[in-house]
Amino acid sequence: MLYAIIAQDKPDTLEQRLAARPNHLARLIALKDAGHLVMAGPHPAIDSDDPGPAGFTGSLVIAEFASLEDAQAWANADPYIEAGVYEQVTVKPYKKVLP
């Protein structure tokens, strides 16, 4: 089943986010290479693809996991959590309808 992982960043954590980004991306690439990633990306803090020092407010990952527990465990191991970037992470089932 698909699951949405919706994360909210703590304020003023751009430096920590950038430092942890290579490890964060490596996990996403592994998920993609396994054929389980539907989409992933950050939420810019301003209306721009490159928000610069404004940074980001969180992230969204939609991926396939065997269970909600597996999706939650994967989300809990995100390097952004260890780096203190994420304030809150919500994991819930997702049903793709379109396209």
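Note that the structure is predicted; figures quoted are calculated from it, not measured.

Caption draft 1: Structural view of the environment of A75. Take A75: it is sitting in helix α2 (residues 68–76). By relative accessible area, which is 3% here, A75 ends up buried. Between the alpha carbons of A75 and V91 there is a distance of 7.7 Å; along the sequence they are 16 residues apart. Not counting residues up to four positions away in its chain, the partners in contact with A75 are I5, I81, V89 and V91.

Caption draft 2: Structural detail: the environment of A40. You can see A40 is positioned in strand β2 (residues 37–44). Expressed as a C-alpha distance, the spacing of A40 and I5, which sit 35 residues apart in the sequence, is 9.2 Å. Ignoring any residue separated from it by four or fewer positions in sequence, one finds A40 in contact with L28, L60 and V61.

Caption draft 3: Local environment of helix α1 (residues 14–33). Taking 1.5 Å per residue as the helical rise, α1 with its 20 residues ought to reach 28 Å, and the 27 Å between its terminal C-alpha atoms agrees with that figure. Along α1, the sharpest kink reaches roughly 50°, centred on R21 and followed within four residues by the proline P22. The complete set of buried residues in α1 reads R17, A20, H24, R27, L28 and L31. In this structure, the buried side of α1 is in contact with β1 (2–9), β2, β3 (56–64), α2, α3 (79–82) and β4 (86–94). At the C-terminal side of α1, G35 shows a positive phi close to 80°.

Caption draft 4: Quick peek at the nonpolar core. Core analysis: the biggest nonpolar cluster contains 11 residues, these being Y3, I5, L28, L31, V61, A63, F65, A71, W74, A75 and V91. Only β1, α1, β3 and α2 provide two or more residues apiece to this core. At 3 residues, the largest contribution of residues to this core is made by α2. In this view, F65 contacts M1, Y3, I5, L31, D70, A71 and W74; residues no more than four positions away in its chain are not counted.

Conventions and cut-offs
- Residues numbered from 1 in each chain as written.
- Predicted model: local features only at pLDDT ≥ 70, side-chain atom pairs only at ≥ 80, totals over all residues.
- Heavy atoms only, no water.
- Helix = DSSP H or I, 4+ residues; strand = E, 2+ residues; numbered from the N terminus.
- Buried < 20%, exposed > 50% of the residue type's maximum accessible area, 1.4 Å probe, protein only.
- Contact = heavy atoms within 4.5 Å.
- Expected span 1.5 Å × (residues − 1).
- Bend = angle between axes of the 7 residues up to and from the residue.
- Core = buried A, V, L, I, M, F, W, Y, C linked by side-chain atoms within 4.5 Å.

Everything listed here is a matter of coordinates, which is why it stays silent on function.
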